[in-house]
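An overview of the molecular structure
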Amino acid sequence: LIAFWQAAVCLVPPRVGQLVPTGAPGSVSGLVFLLNHTAVLIRDFQYSGSERAVFCSGGSTVNTRAVLILSPLIQPGFSSTNVELKLPEDETVASIAWIGVCSSNSAQILASVVIPPEAVPSAPCNTTLVGELPRGSRGIAGRVYLLDRVTFVVLGFSYDGTAPDAFFWVGSGATPSITGFLCTYGDEISAPLPVVSDQDLVVQVPPDAEGTPIDYFAIYCRSNNINLGHIQVRSGLIPVPSSPEPVMRQAVRLGSLRTRQHQVRGNVFALDESTIMLT
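Presented here is a report on the structure given in the accompanying data block.

Turning to the sheet that holds strand β16 (residues 181-185), a few remarks are in order. Strands sit in the order β12-β13-β14-β17-β16-β15-β18-β19 across an open sheet of eight strands; the sheet is antiparallel. Two strands in the sheet have a free side with no partner beyond their single neighbour: β12 (128-132) and β19 (226-232). The mean inter-strand angle of the sheet, taken between neighbouring strand axes irrespective of direction, is 30°. Note: strand β18 (residues 216-221) against β19, six bridges, orientation antiparallel. Each residue of the ladder has a partner; that of Tyr 216, found in β19, is Gln 232.

Structure representation (structure tokens):
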């Protein structure tokens with residue numbers, strides 16, 4: 001899944017594309033997402049060029065030079081899993097035509113990517129960062145966001161598919177266990193995770209987990225009871241819904257049971273339109 005919308009709400013932050021070198025000297029790479037209406041994410045950002053320093057920038061039209069400075073100065077050799085860029089207070093992604101990296105000396109654009117109008121969601125992606133899945137084990141990678149109490153978004157998810165029975169998994173406690181809950185992904189897929197390479201997925205928490213504190217988000221092998229990788233969900237990020245107050249019913253007496261045989265006796269009350277009580 002690259003991106004999709006439901007009820008005009010953006011579920012997966014749109015993937016704009018890779019930074020493309022402009023021919024100017026410098027080596028820049030990274031994959032750009034529109035994280036929400038006022039923030040841009042660059043995954044796997046690297047700069048190894050000859051310029052003394054560069055900065056991330058943006059412009060209001062494709063042909064303009066850099067008009068927005070979106071990051072501190074970046075030195076050669078810089079490498080980061082994720083760089084999140086906040087737009088100025090009076091700007092949104094709808095007003096930005098491109099994101100790029102510029103020389104601090106000449107303001108020359110070293111690499112950039114154009115933001116197509118169709119990539120800008122009609123409604124905000126109201127995501128909250130949960131954390132980064134630990135890399136290394138079974139090729140697992142991904143950056144996890146919370147969309148709402150029952151929906152996670154995993155950007156750039158990868159997994160080599162070698163565990164026999166692996167699922168997205170949530171639950172209570174310090175570490176994942178078999179007592180957790182299996183989550184569906186994509187179009188409510190509940191099958192074990194296949195080989196996945198750099199995909200953006202929506203993960204749904206099952207109804208059974210409602211009312212249970214969610215302390216972790218994991219990739220869990222159910223048949224072998226093995227935690228393949230997880231991140232802790234910080235306390236209070238996902239509120240636990242309170243139990244509804246019990247409803248006191250006013251019983252209405254309908255009458256008494258009276259029979260001449262078998263000595264059946266009792267009083268009949270209506271609790272509601274579908275419940276009868278005998279006393």
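After presenting the structure, the write-up continues.
This next bit is on the sheet that holds strand β6 (residues 39-47). Taken in spatial order, the four strands line up as β3-β5-β6-β9 in an open sheet, and their pairing is antiparallel. For this open sheet the edge positions go to β3 (15-18) and β9 (78-86), each flanked by a neighbour on one side alone. Taking each pair of neighbouring strands and ignoring which way they run, the sheet shows an average axis angle of 15°. Both β3 and strand β5 (residues 28-36) contribute to a ladder of three bridges, which runs antiparallel. By the bridge assignment, Gly 17 is partnered in β5 with Val 32.

Buried together is how nonpolar side chains tend to be arranged in soluble globular proteins. Of all hydrophobic cores here, the largest spans 31 residues; its most connected members are Phe 152, Phe 157, Phe 168 and Phe 217. Where this core is concerned, the elements lending two or more residues are β13 (141-148), β14 (151-159), β15 (166-171), β16, β17 (196-204), β18 and β19. Apart from the residues within four sequence positions on either side, Phe 217 is in contact with Leu 133, Val 144, Phe 152, Val 154, Phe 168, Trp 169, Val 170, Val 203, Gly 229, His 230, Ile 231 and Val 233. Ile 42, Cys 56, Ile 96 and Ala 111 belong to the second largest nonpolar core, which has 26 residues in total.

Rules behind the numbers
Residues numbered from 1 in each chain as written. Predicted model: local features only at pLDDT ≥ 70, side-chain atom pairs only at ≥ 80, totals over all residues. Heavy atoms only, no water. Pairing = 2+ DSSP bridges. Helix = DSSP H or I, 4+ residues; strand = E, 2+ residues; numbered from the N terminus. Axes fitted to C-alpha atoms, helices over the stretch in contact; angles between N-to-C directions. Core = buried A, V, L, I, M, F, W, Y, C linked by side-chain atoms within 4.5 Å. Buried < 20%, exposed > 50% of the residue type's maximum accessible area, 1.4 Å probe, protein only. Contact = heavy atoms within 4.5 Å.

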